[in-house]
Amino acid sequence: MDLQYFAELFLGGLTRGSIYALIALGYTMVYGIIELINFAHGEIYMIGAFTGLIVATVLTFAGFPTLAVLVLASVAAVVYSSCYGFTMEKIAYKPLRGAPRLSVLISAIGMSLFLQNYVLLAQTSDFLPFPSLVPDLAFWEPYAHIISSQEIVIISVTATVMVLLNLLIKFTRMGKAMRATSQDREMAMLTGVDVNRVISVTFVIGSATAALGAVLIASHIGQINFYIGFIAGIKAFVAAVLGGIGSVPGAVVGALVLGWTESFFTGYISSDYEDVFAFIFLVVILIFKPSGILGRSETQKV
Amino acid sequence: MTPLIEIRKSVLVSIWFMFLTFPIMVIRVNTVENVVEWRWHNMIAIGAGSFLLSFVWRYMIRRKEQGIRRQREGAGPRLSIFQRIGQERRIFLPALTLLAVAVVVFPFLVSMYQVNIMTTAFMYIMLGLGLNIVVGVAGLLDLGYVAFYAVGAYTYALLNHHFGLNFWVCLPIGAALGAGFGILLGFPVLRLRGDYLAIVTLGFGEIIRLVLENWNEFSFGPSGISNIPRPGLFGVAFSLEAHARYIYFIVVALAVFTIFMVNRLQNSRIGRAWLALREDEIACQAMGVDKTRTKLTAFALGATWAGLAGVIFAAKTTFINPASFTIWESINILCIVVLGGMGSITGVVLGALVLVLLPEYLRAFAEYRILTFGVVLVLMMVFRPGGIVSNVRRTYQFEGPDSGDK
């Protein structure tokens, strides 16, 4: 076996996995707190990519330097995606607290359809070229043939976000409130946790990481359209389930495993069935280990 | 609440939405020609629109909360107009006869184009009722329903292509294969709960479509299969127009059969088991209902109708390819069930008619169709989770000799 080819696939899988991880976080955190699969999460990611593209283009025309464009576009994408996530929760999910889960799920599907077509109608259905925002790092030049500096940036951003998020959940007041809410919402309310605020914050954090992922992956792949959220959302969801939905480290592990398996599968076997493979993988996991790699198995309460 | 506070709230909402939609609605960039288009008029429209809608939204939310409170105080939900018609025999029977006459006479009065649209509507009634068994009655959210539809369509197309089997032979085969695939999907997902189930069925639907698209030797890939024969009648030669009517009557007959069967099923032992399963899985098992069998029959019977409808679809359009069986088709059928009222047969029939006929006659708004679907799904779930015609729960009244004690 060719070692260099293997290394290429390995690093490609690592990059892919890092991006899935950034999106999967939103799923897993929201699920952990209100037990809802937020179908519209992929759309938040897509809106992040579009906002990033629009802001970046406008700023480039205005003559800003590359680094400023990168930072401002990312900030704009993060801010707007968070606001969309926040508003979405208020409109489509908050009035449904306590409703049957099927209702909330259908509402989420409706939200996803709406956001997709909103961008389609307000912008365009064509693929838009996305500028390569991440600059080539000079000191990395000698190693660029193994792994590009863009990929390095993606991997390190993901790692940083994960560490920060873990610290937030473990050591801050808000993190404590989040853990309490996810364990038992009513009990948390009784002890004075503002549950509505916790849920809003969760949506905002999840949307922000998705937007970060969106800007990074869009400038890595180089094009976006209104439909990218769907498949990215599905993949990230597979990752979240694989790692054990509701668990933040699980989402990272699951995303990396999915990234590697996909990368090796397409590299060594066939690229026609790449998406089929992700789905089959999901079905197999759910049958044999529904709680995922790091998830705890749930006992049903009567 | 004073009006001043209300207005202030609405102004804030309107500012928030103007901010929120600013980059997507106002700016449009063209990265090829390097032009930026500023569409400020959109911002004004959004501001005004959200200002007005926020009043409506708050009013509706308040009404909903009052409704919940009233229900808690013991006043039962009011019966809708359809249910009242259904209970009043004197109105119900003549209305039904009138409807039947209208359905029979219809294809002789209008153009072929209209007949074809109605055929499609009746096909969606079948699909909607089939999915209604799975989603509405048994409470299993299936987002890959279109896969069974595809199975039916490809069954007819392929069997006809390779072995020359005709429509009437393929119809039961398509239904049986649909049921078979339903069980095939049912087995692995038996243990899954609501939302996992949704994703796995979605994945299943996509797998079938991607396989059909990529496996060229088997399904002729994205180019699909053309020249599928229309259904025959003992070798009688039909004109194109007569054929449209003929298919219309086949579909109507099958739709009536579907309505009859689903109605019977819902009131049967297995139908009650489905309802019980939807309401509470654990309690249902404790009462001795076999969960495995109940779930599998729900999947199988739901998929049967999709298989049937698929065969008809292939015969009607004479051409099929994988692009007809995307996830949007599944969502379209789901919308029919949700809009009409989950679990209610009248509701699903109405939902199918509304969702097929409205977009057909509102061609001007065709591009807003899916956008509206999305809004309708959310609003329905928030304000009227029961759909147009909410299903009434079965109630039993005891009127035995000792009913005086009760």
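Please refer to the structure higher up on the page.
Being a predicted model, the structure only gives us computed values, none of them experimental.

All names here are of chain B. Following both chains from N to C, one finds helix 6 (residues 112-137) and helix 15 (residues 327-340) inclined at 80°, their axes separated by 9 Å at the closest point. It follows from the interaxial angle that helix 6 and helix 15 lie roughly perpendicular. Of helix 15, the residues touching helix 6 (which contributes Tyr 124, Leu 127, Gly 128, Leu 131, Asn 132 and Val 135) are Glu 329, Asn 332, Ile 333, Leu 334, Ile 336 and Val 337.

Tracing the backbone shows A:Phe39 in the loop between helix 1 (3-34) and helix 2 (41-61). By relative accessible area, which is 13% here, A:Phe39 ends up buried. For the pair A:Phe39 and A:Gly233, spaced 194 residues apart in sequence, the C-alpha separation works out to 7.7 Å. Excluding its chain neighbours within four sequence positions, the residues that come into contact with A:Phe39 are A:Tyr27, A:Leu105, A:Ala108, A:Ile109, A:Ser112, B:Leu143, B:Ile199 and B:Leu202.

A word on the packing of aromatic side chains. All names here are of chain B. Tallying each qualifying case throughout the model produces 27 aromatic pairs over all chains. Ring geometry for Phe 148 versus Phe 204: centroids 6.0 Å apart, planes at 40°, classification tilted. One end of the pair, Phe 148, is in helix 7 (residues 146-163); the other, Phe 204, is in helix 9 (residues 194-214), with 56 residues separating them in the sequence. For the pair Phe 148 and Phe 204, a shared accessibility class is recorded, and that class is buried. Taking the centre distance of 5.3 Å and the plane angle of 75° together, the rings of Tyr 248 and Phe 249 count as edge-to-face. The class of Phe 249 is partly exposed, set by a relative accessible area of 28%. For the cation-ring pair, Arg 58 lies above Phe 55, with the distance from its terminal atom to the ring centre recorded as 5.5 Å.

Taken as a whole and assessed by the stated rule, the structure comprises ten salt bridges over all chains. Note that A:Lys235 and A:Glu262 form a salt bridge whose closest N and O atoms lie 3.5 Å from each other. Within this pair, whereas A:Lys235 is found in helix 9 (residues 228-243), its partner A:Glu262 is found in helix 10 (residues 248-268), the two being separated by 27 residues in sequence. Accessibility classification places A:Lys235 together with A:Glu262 in one group, the buried group. Measuring nitrogen to oxygen at the nearest pair gives 3.6 Å for the salt bridge that ties B:Glu6 to B:Arg58. Linking B:Glu6 in helix 1 (residues 3-20) with B:Arg58 in helix 3 (residues 40-72), this pair joins segments that are 52 residues apart in sequence. Comparing B:Glu6 with B:Arg58, the two get one shared label, buried. Three or more residues joined by partner-sharing salt bridges are found here, namely A:Arg16, A:Lys235 and A:Glu262.

Take the pairing of strand 1 (residues 27-30) of chain B next. Residues and elements named next belong to chain B. Residues Ile 27 and Val 29 line the buried face of strand 1, whereas the alternating positions Arg 28 and Asn 30 sit on a face that is not buried. By the bridge criterion, four bridges tie strand 1 to strand 2 (residues 35-38) in an arrangement that is antiparallel. Considered in strand 2, the bridge of Val 29 is made with Val 36.

Residues and elements named next belong to chain A. Taken together, the side chains of Leu 3, Tyr 5, Phe 6, Phe 10, Tyr 268 and Ile 269 present a nonpolar region at the surface, about 590 Å² in accessible area. Here the element with the most residues in the nonpolar patch is helix 1; it accounts for four residues. Assessed through its relative accessible area of 31%, Tyr 5 is described here as partly exposed.

To continue, consider the nonpolar core. Ranked by size, the top nonpolar core spans 205 residues in total, and within it A:Phe39, A:Tyr84, A:Tyr93, A:Ile224, B:Tyr149 and B:Ile320 carry the most contacts. When residues of this core are assigned to their parent elements, the largest contribution, 15 residues, is made by helix 6 of chain B. Residues from two domains meet in this core; each of domain 1 (3-72) and domain 2 (110-383) of chain B gives at least three. Within the second largest apolar cluster, five residues are counted, among which are A:Ile54, A:Val58, B:Val26 and B:Val29.

As a further point, take the packing of helix 3 (residues 66-93) of chain A against helix 1 of chain B. Two elements in contact, helix 3 of chain A and helix 1 of chain B, have axes separated by 10 Å at closest approach and are oriented at 135°. With respect to helix 1 of chain B, the axis of helix 3 of chain A lies oblique. The way helix 3 of chain A lies across helix 1 of chain B gives a crossing that is left-handed. Each of A:Val79, A:Tyr80, A:Cys83, A:Tyr84, A:Phe86, A:Thr87 and A:Ile91 in helix 3 of chain A lies in contact with helix 1 of chain B, whose residues at this interface are B:Trp16, B:Phe17, B:Phe19 and B:Leu20. Split by residue class, the contact of helix 3 of chain A with helix 1 of chain B holds ten nonpolar, one polar and no charged.

What counts and how
- Residues numbered from 1 in each chain as written.
- Chains lettered and ligands numbered in written order.
- Predicted model: local features only at pLDDT ≥ 70, side-chain atom pairs only at ≥ 80, totals over all residues.
- Heavy atoms only, no water.
- Axes fitted to C-alpha atoms, helices over the stretch in contact; angles between N-to-C directions.
- Helix = DSSP H or I, 4+ residues; strand = E, 2+ residues; numbered from the N terminus.
- Parallel < 35°, antiparallel > 145°, perpendicular 65-115°, else oblique.
- Contact = heavy atoms within 4.5 Å.
- Buried < 20%, exposed > 50% of the residue type's maximum accessible area, 1.4 Å probe, protein only.
- Phe/Tyr/Trp six-rings, centres within 6.5 Å; stacked < 30°, edge-to-face > 60°.
- Lys NZ or Arg CZ within 6 Å of the ring centre and 35° of its normal.
- Salt bridge = Lys/Arg side-chain N within 4 Å of Asp/Glu carboxyl O.
- Pairing = 2+ DSSP bridges.
- Patch = residues over 30% accessible without salt bridge, like charges linked within 9 Å, V, L, I, M, F, W, Y side chains within 5 Å.
- Areas by Shrake-Rupley, 256 points an atom, 1.4 Å probe, with all protein chains shown as cover.
- Core = buried A, V, L, I, M, F, W, Y, C linked by side-chain atoms within 4.5 Å.
- Domains from an automatic or database assignment.
- Left-handed = near helix turned anticlockwise from the far one by under 90°.
- Nonpolar A, V, L, I, M, F, W, Y, C, P; charged D, E, K, R; others polar.

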